[in-house]
Structure formats: structure tokens, C-alpha cells
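# Observations on the three-dimensional arrangement
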Amino acid sequence: MVLLDAAVRAGAPIAAVATYDHGTGPAARRAAALVARAGERLGVAVVTGRRTASRNEREATWRTARRDFLMGWASELMATIVTAHSRDDQIETVAIRILRGSGVRGLAAMDVDSGPLRPLLGVSRPQIASYANLFRVRWVEDPSNAGRDFLRNRVRHDLLPALEAVHPGFGDALAEVGRSAGAWRRQVESVVDGLAPVVAGESLVVRRTALAPFDQAGLAVLWPALAARLGVTLDRRGTERLAQFTTSRGRAGTIPLSGGATVQRTGTSFVLRPPRADTLLYLDE
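Everything numeric in this text was worked out from a predicted model, so none of it was measured.

### A few points about a nonpolar patch on the surface
Taken together, the side chains of V8, I14 and L42 make up a nonpolar region of the molecular surface, amounting to roughly 180 Å² of accessible area. By the element assignment, L42 lies in helix α2 (residues 26-42).

### Side note on the nonpolar core
With 25 residues, the main nonpolar core has L211, W223, L242 and V263 as its most contacted residues. The element contributing the most residues to this core is helix α10 (residues 216-228), with six residues. Excluding anything up to four places from it in sequence, L242 contacts W223, L234, I255, L257 and V263. The next biggest cluster of nonpolar side chains, apart from the first, holds nine residues, and it includes I91, V94, L174 and A175.

### Thoughts on the pairing of strand β7 (residues 269-273)
The two faces of a sheet get side chains in turn, since along a regular strand they alternate between them. Counting buried positions over the five residues of β7 gives four, a clear majority of the element. Pairing analysis gives four bridges linking strand β4 (residues 203-207) to β7, with the strands arranged antiparallel. Looking at the pairing, V206 lines up with F270 of β7. Between strand β6 (residues 262-265) and β7, which pair antiparallel and follow one another directly, the connecting turn spans three residues.

### Quick notes on the packing of aromatic side chains
For the structure on display, the rule yields four aromatic pairs. Ring plane angle 45° and centroid distance 5.1 Å describe the contact between Y20 and F69, whose orientation is recorded as tilted. Of the two residues, Y20 is situated in strand β1 (residues 17-21) and F69 in helix α3 (residues 59-77); the sequence distance between them amounts to 49 residues. With respect to class, Y20 is no different from F69; both count as buried. Geometrically, the ring pair formed by Y131 and F135 is tilted, given 4.6 Å between the ring centres and 45° between the ring planes. With relative accessibility at 32%, the residue F135 sits in the partly exposed group. Through successive ring pairs, a cluster of aromatic residues spans W223, F245 and F270.

Parameters at a glance
Residues numbered from 1 in each chain as written. Predicted model: local features only at pLDDT ≥ 70, side-chain atom pairs only at ≥ 80, totals over all residues. Heavy atoms only, no water. Patch = residues over 30% accessible without salt bridge, like charges linked within 9 Å, V, L, I, M, F, W, Y side chains within 5 Å. Areas by Shrake-Rupley, 256 points an atom, 1.4 Å probe, with all protein chains shown as cover. Salt bridge = Lys/Arg side-chain N within 4 Å of Asp/Glu carboxyl O. Helix = DSSP H or I, 4+ residues; strand = E, 2+ residues; numbered from the N terminus. Core = buried A, V, L, I, M, F, W, Y, C linked by side-chain atoms within 4.5 Å. Buried < 20%, exposed > 50% of the residue type's maximum accessible area, 1.4 Å probe, protein only. Contact = heavy atoms within 4.5 Å. Pairing = 2+ DSSP bridges. Phe/Tyr/Trp six-rings, centres within 6.5 Å; stacked < 30°, edge-to-face > 60°.

Pasting the structure below:
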């Protein structure tokens, strides 16, 4: 709601405001209704999605449904998705990525150039709350934010406050980790641009001569960035195998990767192909 108010005050072009009712109860319905009323009052179009939640659903299920809804409308309206993720959201995400053993690329968390725009990523939750109070912006608090059912909430309410208590400034340090990782990731993307990869249909093609100057350590950095341009995520083991495959001798060959993706080496190029639809498996954690 603060993002909407600030965008209107700044005169930003708004194709529509999107709100999504996850079907989790009265608070979700009130939040969607509040957005609809605000849009009508401000003269902004509102698009609303809703689903019926089942018991024992994971938060990832909600996130996926919301993402599909937003991407569908963004494509329909030829618009860019803009979200109100805050500095605190970024710090929590960096902490979660560390807990999950993420590499440098993942530690950038939400500080990336791809995906939604996040203009409030450097703004803290208390600052956002102060704005809301100053300009009398109404909002609905999601009661699930106070629970301990989800990892993010436990990180938010338990882990980070405990670490901050014994190490004042710990949150600032995590924010700096994310910022530094984001800057590193942008440098990597610049190098990848120089490789001139070509996305042709459902394949990504990069010339062997472009990758030839790099050793396995460098390729282990570049291949995940290349794969991401095709929407393919490489795990650590697959990245290492692919780096070895790239530097090995031979004119032709194909290497399978986890999840069903493959990389083919031809006489002139490496061709990355995503998983085929009939071989894609999803294994829940």
C-alpha cells in the first residue's frame, strides 16, 4: 500500500495494481478488498486473483501461484512487475540462502537486475511504517507473519534478533553481503554478455572459442549465469561436471545435468537445452 501511494504521488505510470488472495482466510480477503477500494479511489485499474488454499500447503506453493498470476497479467498488459520488498526482506533472504548453502550468485538474493523491480529494497520496514503513518496509508497485516510455521518467520522473529543481540550490526553485515554479491553478479553478467550467447528457440548456444580462455574455476562461475538465461538452474555438482566437460578434449559429446537439462558439444559450439516436458521431475524438499 505504501508502494502504491508513493507511485501515485510520484506520477509513475501504472498499468494496473495487482492483488492476490491466497485463500488463506479473512485477512487475505480484507487485504484484496482494501487494494480494490484504493485502486477505485485513486483511479487505478485493479486486477485480482484468488485461489482456494488446501490444508498443510507450503509457502512455496503460494509463492508459485502468485508469481504465475503476476507474470500472466504483466504479459497481458505489457507491463513490468514492481514489488514492495524491503531491506529487511533482503536481509532475511540472504540469511536463508546462507542456511541453505548458497553460492555467491544466490547470496545476491533480490539484489538482481532480472525479475521484478524492487524500488524499496534499500528501505527498512520501520521506515515504510513511518511513511504509512505520516500519509495515513491503510494496510492489512497478514496474521501468518507472526507465526513460526515458515522458515522465513523463524529467521525474522528468532534467528536474526538473537544474532543481532550478540553481534550488533549483524543485519547490516548481511545487507552488505547481499549488496556485494549483487555487484559481483552484475560483473559476471557483463562477462557473459561478452561471450555473445545466442538463445535460439529453446536452446542456448555459445561458441567454444568464447569459453576457451577460461579455466574450470572461471567456467564454474560462467555456466550458471549462462544457464539462467534459459531458465535453467544448475546445482553445484552439475556445475563442476559441466566445467570439466567444457575443458576436456573432444569434438563432440553430450552431458546430462540434474533435472533433465543437457549440454551438447559440437565442433564449434556448446548447446544447452532445458529439460524436455516429458522428463521433467519435481521433487519436493
